[in-house]
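If you want the building blocks of each chain, they are given just below.
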Amino acid sequence: GGPVIRNNGFLGEQYDARKEIENWQGNQGVWTIAKPAVIVPGPLGKLKAQLQPGVEVTKIVKPVKITEIKPGLYLADMGQNFAGVARIRLKAAAGTRVVLRYGEEVYKDGSLNGMTSVAGQVKNGNGGPGAPQIAWQEDSYIASGNGMETWNPRFTFHGFRYVEIKGWPGVPQLSDIEGLRMSAAVEQTGKFECSNPMFNQLAENIRWTFLSNLFSVQSDCPAREKFGYGGDMFCTTEAFCYNFDMANFYKKIIQDHEDAQRPLGGITETAPYMGIADAGPGDQSGPLGFQIGFAYAIKQVYDFYGDKRVVEKHYPALQKQIRFLADSAKSNLYDIDLSDHESLDEKPVAFTASCFYLSHVKLMNEFAVILGRKEDAVKYQSMFKEIEAAIIRKFYNPANGVFANGTQSAQFFGLWHNLVNSSAKENAISAMKQAIAKRDHHLSTGIFGTKMLFDVLRSNNLNDLAYQIANQKDYPGWGHMIENGATTLWETWKYSDNTYSHNHPMFGSINEWFYRSLLGINAAAPGFKKIIVKPQPAGDLRFARGSYLSVAGEIKSSWTLEGKVYSLNISIPPNTTAEVWIRSSAGSVVTESGKDVKKIKNIEMLPPADGYTIVRVGSGDYQFKSR
């Protein structure tokens, strides 16, 4: 046998360098000990080229310190939580065994806490026959004794910040170990920074979190589960797309979801299907908020990349799914769901489930319109109206604007799904503000409500409120994670030292807000052929600047607020047009490159709204100024 004694994608790799065979391909001696090859049936299905970019080492992470925690036991702090492996360099006698154990946290005494990254929560012998007592992430290397040896595992990856080192010959130095950060080699498309250092740190933490969870699926965490959950996808698809070119990666995951589709048409909670089916409508399909990840990702690939083929390709599977959902509904409603997962309030289960069902039908109507299927579009439109009416009847109180139980989650769900308009909407917004004030302007939303919160506040011109919520430094919020040393996002608002992952993308939906609200870069047509640039300055922000590399070209947005003077510099790519919203007080003159915009013939004036001067421009660079 070769030097890889054992390998497992979750548990790690054991390697014995004494068993390495020099140049084995050309080594005649190997074949005297080799076993003859056996013909076996090949995998079923079609052999196809991989759609997603390959997994690569994208960064080398150097340890910031190595501590001796007890005689012969060392701990390397890599200074950053990430996904990948450690690479070691050592000189040791043949047979020396070095064991590397990985974790995200340390205990107060400085020793490794690997409990938040234990595979599948297998602890205290609950893993069944053949499973380890505790499913640590652990690699081991047995030295060959041939001078300086360099090794890293090749058949596993871990999620970690700390590496415990046991059995090292002598004292490990900082130069003896390094981290190989790995991820699918997606191209970075977004850049963002602003005058708030906490937001800049958060944007950085989110990038590390997102990359840690891009291997062959968009995973929930790179250590404990590594599963492709549809709910996490629904929350963060747009945030991922602003940061990275996700076109081919999402096409691959969308296909995974279709491949895992249940016989009756339901979509599974994870793709590939892992046997998990929490609070779903039957046939081992996932809960409504996770099933929708499939349809939602298809819509985002269409919106971001203008790719209609993805809608065409998966339309039959979508039809099969919607038939299953319609058959499983009771009087156009649902009463089973995971609801707003990780919310801090009592979850409005039936309400959120019914809203997700409504969303599914709305997406189906949009897909039918995109493909020019008029009969389908009419059918889904009328289904939509019936479900919407049923939801309002059962879950909305017009007297006080309250949806379901009136929590932040409930109000954001109702407003995100546009269940009410005009004067009724004002009531619902007022009830939403009360729910936020009750928590002293901290959020209490889970993964879905948090995504919806920023969308709702952006589209209702309430960005000051979004800023106030986002900027909190204490529990619960992103600032609280950062104040507690987080370098990636936690799975829960509350710190966990035993169970929950510290590298989980789902609360990264706020990153979409950085691009859509603070930079104001939004698509007004598929593939950014038409653009809306509408920065919404808020709080004590003095500037925000960044860019998004769309399929139509790079869109840049940068603004500053100095005293009462607002400057907005933008760059619009060729063959596109943009509607630009410039913050300005009523009656003040807005200039472009020093000239009154009303007197520039290539700039079209649109009616002002909400404290903005609005203009339409073609491609090029523009410098707007207003008071």
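All values reported here derive from a predicted model rather than from experimental measurement.

A. Expanded view of the overall build of the protein chain. Within the protein chain, the secondary structure is distributed over 14 helices and 26 strands. For 627 residues, the compact-globule formula gives about 25 Å, and the C-alpha radius of gyration of the protein chain, at 27 Å, lands near that figure. Expressed along its principal axes, the backbone C-alpha trace of the protein chain runs to roughly 85 × 60 × 50 Å. Across the 627 residues that make up the protein chain, the buried fraction comes to 57%. Of the roughly 26600 Å² that the protein chain leaves accessible, carbon and sulfur atoms contribute 51%.

B. Quick look at the sheet that holds strand β24 (residues 604-609). Pairing in this open sheet of five strands is mixed, and the strands run β16-β17-β21-β25-β24 from one edge to the other. Of all the strands in the sheet, the pair left with one neighbour each is β16 (521-523) and β24. Ignoring which end each strand starts from, the neighbouring axes of this sheet average 20° apart. Strand direction decides the pairing type here: β16 and strand β17 (residues 530-533), joined by three bridges, are antiparallel. From the neighbouring strand, Ala523 faces β17, where its bridge partner is Ile531.

C. A look at the pattern of salt bridges. Enumeration according to the criterion identifies 25 salt bridges in this entry. Linking Asp77 and Arg161 is a salt bridge whose minimum nitrogen-to-oxygen distance equals 2.9 Å. Separated by 84 residues along the polypeptide, Asp77 in strand β5 (residues 73-91) and Arg161 in strand β11 (residues 158-166) bring together distant segments of the chain. Pair check on accessibility: Asp77 and Arg161 agree, each one buried. Across the salt bridge formed by Lys451 and Glu512, the nearest N and O atoms sit 3.2 Å from each other. One end of the pair, Lys451, is in helix α11 (residues 447-459); the other, Glu512, is in helix α14 (residues 510-518), and 61 residues separate them in sequence. The exposure classification of Lys451 matches that of Glu512, with both residues buried. Through salt bridges that share partners, Glu238, Lys451, Asp455, Arg458, Glu512 and Arg516 make up one connected network.

D. How the structure looks around the pairing of strand β12 (residues 177-184). Summarising burial for β12: eight of the eight residues are buried, a large majority. Relative to β12, strand β3 (residues 55-61) is paired through six bridges, and the arrangement is antiparallel. From the neighbouring strand, Val61 faces β12, where its bridge partner is Gly179.

E. Highlighting the state of the cysteines. One pass over the structure, following the stated rule, counts zero disulfides. Cys235 provides the cysteine sulfur closest to Cys241, a residue in no disulfide bond, and the two sulfurs are 14 Å apart. Of all cysteine sulfurs in the structure, the one in Cys235 sits closest to Cys355, which takes part in no disulfide; the separation is 15 Å.

F. Layout of the packing of aromatic side chains. What the rule picks out here adds up to 43 aromatic pairs. Judged by centre distance (5.2 Å) and plane angle (25°), the rings of Tyr141 and Trp151 are stacked. With a gap of 10 residues between them, Tyr141 in strand β9 (residues 137-142) and Trp151 in strand β10 (residues 148-151) connect regions that are remote in the sequence. A ring pair is formed by Phe234 and Trp416, whose centres lie 5.9 Å apart and whose planes are at 75°; its orientation type is edge-to-face. With a gap of 182 residues between them, Phe234 in helix α3 (residues 230-243) and Trp416 in helix α9 (residues 408-416) connect regions that are remote in the sequence.

G. How the structure looks around the environment of Leu90. Relative to the elements of secondary structure, Leu90 occurs in strand β5. Each C-alpha atom, one on Leu90 and one on Lys451, is 47 Å from the other, the two residues being 361 residues apart in sequence. The residues contacting Leu90, other than those within four sequence positions of it, are Val98, Tyr141, Gly147, Met148, Glu149, Trp168 and Pro169.

Rules behind the numbers
Residues numbered from 1 in each chain as written. Predicted model: local features only at pLDDT ≥ 70, side-chain atom pairs only at ≥ 80, totals over all residues. Heavy atoms only, no water. Helix = DSSP H or I, 4+ residues; strand = E, 2+ residues; numbered from the N terminus. Rg over C-alpha atoms; globule rule 2.2 N^0.38 Å. Buried < 20%, exposed > 50% of the residue type's maximum accessible area, 1.4 Å probe, protein only. Areas by Shrake-Rupley, 256 points an atom, 1.4 Å probe, with all protein chains shown as cover. Pairing = 2+ DSSP bridges. Axes fitted to C-alpha atoms, helices over the stretch in contact; angles between N-to-C directions. Salt bridge = Lys/Arg side-chain N within 4 Å of Asp/Glu carboxyl O. Disulfide = S-S within 2.5 Å. Phe/Tyr/Trp six-rings, centres within 6.5 Å; stacked < 30°, edge-to-face > 60°. Contact = heavy atoms within 4.5 Å.

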